[in-house]
Amino acid sequence: MNNTAKSRPLILAVDDDLVSLQLAEDRLGDEGFEVIVAADGKTALSLFVQASVRGRPFDVVLLDVEMPGMDGYQVCQQIRGLNDGLFVSIIMISAREDIEAARRAYAVRATDFSSKPTNWLVLAERLRYVLRAASTFNELKRNQQRLADAQRTAKLDYWEFDPQAEQFYFVKPDGNLQTIEHSNLYSFKRLLHRLHPADRGAMETYYKKLTSQQEGMTASIEFRVLDIAGDAESFLTFHSEARRQEVDANSIKTLGRVYGVTQDITEIRDNEERIQRLAHYDELTGLHNRSSFQEKLNVTLELNKASQGKLALFLVDLDGFKRINESFGHSIGDALIQAFVQRSSSELRSSKIIDRDIGPSSMSRFGGDEFSLMINCDKNEPKLCASRVAELIKDSLARPFYIGPSNSGTGKNEIEIMISASIGIAIYPDDGESAELLLSNADTALHSAKQSGKNQHQFYNDAMSATGRARLDLETELRRAIDGGQLELYYQPQVLAASGKLVGVEALVRWNHPERGLVSPAEFIPLAEESGLILPMSDWIMNQACRQTKTWVDSGLEPFMVSINLSGMQFRQSDFKENVQKIIQASGVDPQLIGLELTESVVMGDAENTIATLLSLKELGVKLSIDDFGTGYSSLSYLQKFPLDTLKIDRSFIMDIGEDSDDSAITEAIIVMGHSLGLQIIAEGVETQVQLDFLRERSCEVIQGFFFSRPLPANEIPSFADKHRNGNSHP
């Protein structure tokens, strides 16, 4: 079929008179129609269905009334029962011109009625009119469907209210109009009963407007209705708008109908509430977040200013929480946070220390493992009150937490975790009158508490502020020192215990400040770790140590091991291995001359991941050792899995050898254990002949300490190596 034929209206002509069918096909074809003929009702129904299946249904059906077997009325009824037959135009044709025939035709939902004999030119015009009307009707149907779809999407219902008859008319999204007797089926009293109690007064006012004589009335309301379909008692939220159409009859205005629309906005309000909570509350604990807490703190300070009251501001930080996340995973860490909030807030509420509730408005989570708390204190003894609160928080942590799948608190199938907290406290108005200053001073006090050993609370004082400013200044200067060439490396020799021959050095960083001279590592190393400057500093140390090692070898010095200390932050970087490899390759040093030292606490923080990282480092050819061994907690099973070369005994055990039998026993045990694992043993901090003799007798291979040498600048190492070349120049 060509495109022209496809565009022609498709007509199904049904008649038992073959002459009439031939005339229909010829005359209507000449008028631009495509005609398919059927000589009986059964054939007509079959052709109608086939056309629908092919995707090109008939536009009009010309249907003779008087046919043998199935007459035209029956065929019309059956077509109307088909999917594509409900709205197709059907013109019934009859030789009878009585009104009864026409009534029967319209009774079976015929579109039009015509009589024989047929005037084909007139019928052609009638067909064109029917097709235009059908096109308009179909567009109306499409628009109604679009409107219904939009209503369903927007969750809209239209309604009308007749104040005279007290009837509501609800137009549902399917387009059907329902009438509900207001007094019987949906009374105002019944509506009020389902409404949220807080919205009933507003609804009564809204209803009075609907039934009032007010001219040009408009009204709107938002209300909550009990969701009877829900599993639990919950409310749906609706917004309704109404306006009245006035009726002017014989110049007398009467009360007309009210037209309205109601929208289900439950999801909109739920989303707004969710966004509000995300903006102001911590999702994990339900406490206020930092910004929300600061807003409330500002308001509370204004109230205290008016009443001349005292307020204690607490900053609480869980000690070592990062270790919990690294060891057990973030899900256990999150559960511990929730358990801490629940236990501490519960015990504060039940205590007699304060006379008001401790709830979400008083506490907040600043992020991670840091929390804040504000409490109105006794005007005369604010520090006494604050101290009791701080002690209560610390006491709540004195008992273990049981975290795991069941959270039963019995310890069965759960992880037992002990944790402590450091607390900084600032008092209003003594330590500041603004929220910003109080928070800053409480943070300074918190830092002092952590620096003083953790698991304690400290009040802010002016000396802390001076110390804090000095630390900030020092941090700024350290940042400049890393980039400005103020750092330098010293190297402490490591010698064989038996002979004193140089076998290695440990690279130690020194800060040569242009004004202060040498700054103690005990002062700037912790600052570097706290500020994150330890990362660029560690990269600088590794670069310098590798380049210096290559320089010594190239100068003809007999090769020896150069040990470099690693920070925990540096070791946990995802690209750490690649960074080490890049530095070694850039320096050209033999990787077997480079030793990397990690503290016991770092390697045991996340033992499984540590094994993977250490194995990848061993692939580079470097040597690995645990520094300060004995001060942490090591699992023997993990030590066996670690690809280590050396254990370094911490100096704290060495210093009391000969005086403390416990330290001597521990040192001997470490040496025996290390040897059983096939590891070399290095003893740090050797300063006396007694210590050296003890270690020699226990077969400790390597010694490091002031007894042999202090750390030396790089240019003095060659002479030291030459002096101890044959191992015959030792104390």
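Keep in mind it's a predicted model, so treat the numbers as computed, not measured.

Rules used in this analysis
Residues numbered from 1 in each chain as written. Predicted model: local features only at pLDDT ≥ 70, side-chain atom pairs only at ≥ 80, totals over all residues. Heavy atoms only, no water. Phe/Tyr/Trp six-rings, centres within 6.5 Å; stacked < 30°, edge-to-face > 60°. Helix = DSSP H or I, 4+ residues; strand = E, 2+ residues; numbered from the N terminus. Buried < 20%, exposed > 50% of the residue type's maximum accessible area, 1.4 Å probe, protein only. Lys NZ or Arg CZ within 6 Å of the ring centre and 35° of its normal. Pairing = 2+ DSSP bridges. Axes fitted to C-alpha atoms, helices over the stretch in contact; angles between N-to-C directions. Contact = heavy atoms within 4.5 Å. Expected span 1.5 Å × (residues − 1). Salt bridge = Lys/Arg side-chain N within 4 Å of Asp/Glu carboxyl O. Left-handed = near helix turned anticlockwise from the far one by under 90°. Nonpolar A, V, L, I, M, F, W, Y, C, P; charged D, E, K, R; others polar.

Peer 1: Would you mind going over the packing of aromatic side chains in detail, with residue names and values included?
Peer 2: Note on aromatic pairs: each is described by the distance of the centres and the angle between the planes. Taken as a whole and judged by the stated rule, the model has nine aromatic pairs. Each ring, one from Phe 340 and one from Phe 371, has its centre 5.1 Å from the other, and the planes form 55°; the classification is tilted. Of the two residues, Phe 340 sits in helix H12 (residues 330-350) while Phe 371 sits in strand E16 (residues 370-377), which places them 31 residues apart along the sequence. Across this residue pair, the class does not change: Phe 340 and Phe 371 are buried. Between the aromatic rings of Trp 552 and Phe 560, the centroid separation amounts to 5.4 Å while the plane-to-plane angle is 45°, which identifies the pairing as tilted. Its relative accessible area of 5% is what places Trp 552 among the buried residues. Feature note: the residues Tyr 491, Trp 552 and Phe 560 constitute an aromatic cluster, connected by ring pairs. Here the basic side chain of Arg 343 rests over the ring of Phe 401, its NZ or CZ set 3.8 Å away from the ring centre. Its guanidinium or amino end placed over the ring of Phe 706, Arg 710 lies 4.2 Å from that ring's centre, counting from NZ or CZ.

Peer 1: Mind laying out the sheet that holds strand E2 (residues 34-38), listing which residues take part and the relevant values?
Peer 2: On the basis of which strands lie adjacent, the open sheet formed by five strands has the order E2-E1-E3-E4-E5 and parallel pairing. Where the open sheet ends on each side, the last strands, each with one partner, are E2 and strand E5 (112-115). With direction set aside, neighbouring strand axes in the sheet form an average angle of 20°. Strand direction decides the pairing type here: strand E1 (residues 10-14) and strand E3 (residues 60-64), joined by four bridges, are parallel. Following the sheet pairing, Val 14 is matched in E3 by Leu 63. Where helix H3 (residues 41-54) meets the sheet, its contacts fall on E1, E2 and E3, and the angle it forms with E2 comes to roughly 140°. The sheet strands contacting helix H5 (residues 99-107) are strand E4 (89-94) and E5, and the helix crosses E5 at an angle near 150°.

Peer 1: Explain the pairing of strand E26 (residues 623-629) residue by residue, including any values.
Peer 2: Burial analysis of E26 places five of its seven residues in the buried class, the great majority of the element. Both E26 and strand E27 (residues 646-649) contribute to a ladder of three bridges, which runs parallel. Residue pairing for E27: Ile 626 is matched across the bridge by Leu 647.

Peer 1: An account of the environment of Val 495 is needed here, citing residue identities and associated values.
Peer 2: Here Val 495 shows up in strand E21 (residues 487-496). Judged by its relative accessible area of 0%, Val 495 falls in the buried class. A sequence separation of 210 residues divides Val 495 from Gly 705, and the C-alpha atoms of the two residues are 9.4 Å apart. If we ignore the near neighbours within four places in the chain, the residues touching Val 495 are Gly 500, Lys 501, Leu 502, Val 503, Glu 701, Val 702, Ile 703, Phe 708 and Phe 720.

Peer 1: Run through helix H14 (residues 435-451), naming residues and quoting values.
Peer 2: Taking 1.5 Å per residue, 17 residues should reach 24 Å; H14 reaches 24 Å between its end C-alpha atoms and fits that length. Where H14 terminates, the next one or two residues include Gly 453, which has phi positive at roughly 120°.

Peer 1: I'd like a rundown of the pattern of salt bridges, residues and numbers included.
Peer 2: For the structure shown, the criterion picks out 24 salt bridges. A salt bridge links Lys 618 to Asp 645, with the nearest nitrogen and oxygen atoms 2.9 Å apart. Placement of the pair is Lys 618 in helix H21 (residues 607-618) and Asp 645 in the loop between helix H22 (636-641) and E27, with a sequence separation of 27 residues. Here the salt bridges share partners, and the residues they tie into one network are Glu 506, Glu 597, Lys 648 and Glu 684.

Peer 1: Can you tell me about the packing of helix H17 (residues 534-554) against helix H19 (residues 576-587), naming the residues and giving the values?
Peer 2: It is the contact of H17 with H19, at a shortest axis distance of 9 Å, that shows an interaxial angle of 35°. Of the two elements, H17 crosses H19, and the hand of that crossing is right-handed. For the pair H17 and H19, the contacting residues are Asp 539, Met 542, Asn 543, Cys 546, Arg 547 and Lys 550 in the first and Asn 579, Val 580, Ile 583, Ile 584, Ala 586 and Ser 587 in the second. When the residues that make up the contact of H17 with H19 are grouped by side-chain class, the tally is six nonpolar, three polar and three charged.

Peer 1: An account of the sheet that holds strand E20 (residues 457-459) is requested, with residue identities and associated values reported.
Peer 2: Adjacent strands of a sheet form backbone hydrogen bonds with each other and so pair up, either parallel or antiparallel. Taken together, the five strands give an open sheet; going across it, the order is E15-E16-E14-E19-E20, and neighbouring strands pair in mixed fashion. Unpaired on one side and paired on the other, strand E15 (363-367) and E20 mark the two borders of the sheet. When strand polarity is set aside, the average angle formed by the axes of neighbouring strands in this sheet is 25°. The sheet contact formed by strand E14 (residues 310-318) and strand E19 (residues 421-428) spans eight bridges and is antiparallel. Each bridged residue has a counterpart across the sheet, and for Ala 312 the counterpart in E19 is Ile 427. Of the strands in this sheet, E14, E15 and E16 touch H12, which is tilted by about 10° from E16. Helix H13 (residues 382-396) rests against E14, E16, E19 and E20 of the sheet, and its axis sits at about 160° to E19.

Purely geometric numbers; function is a separate question.
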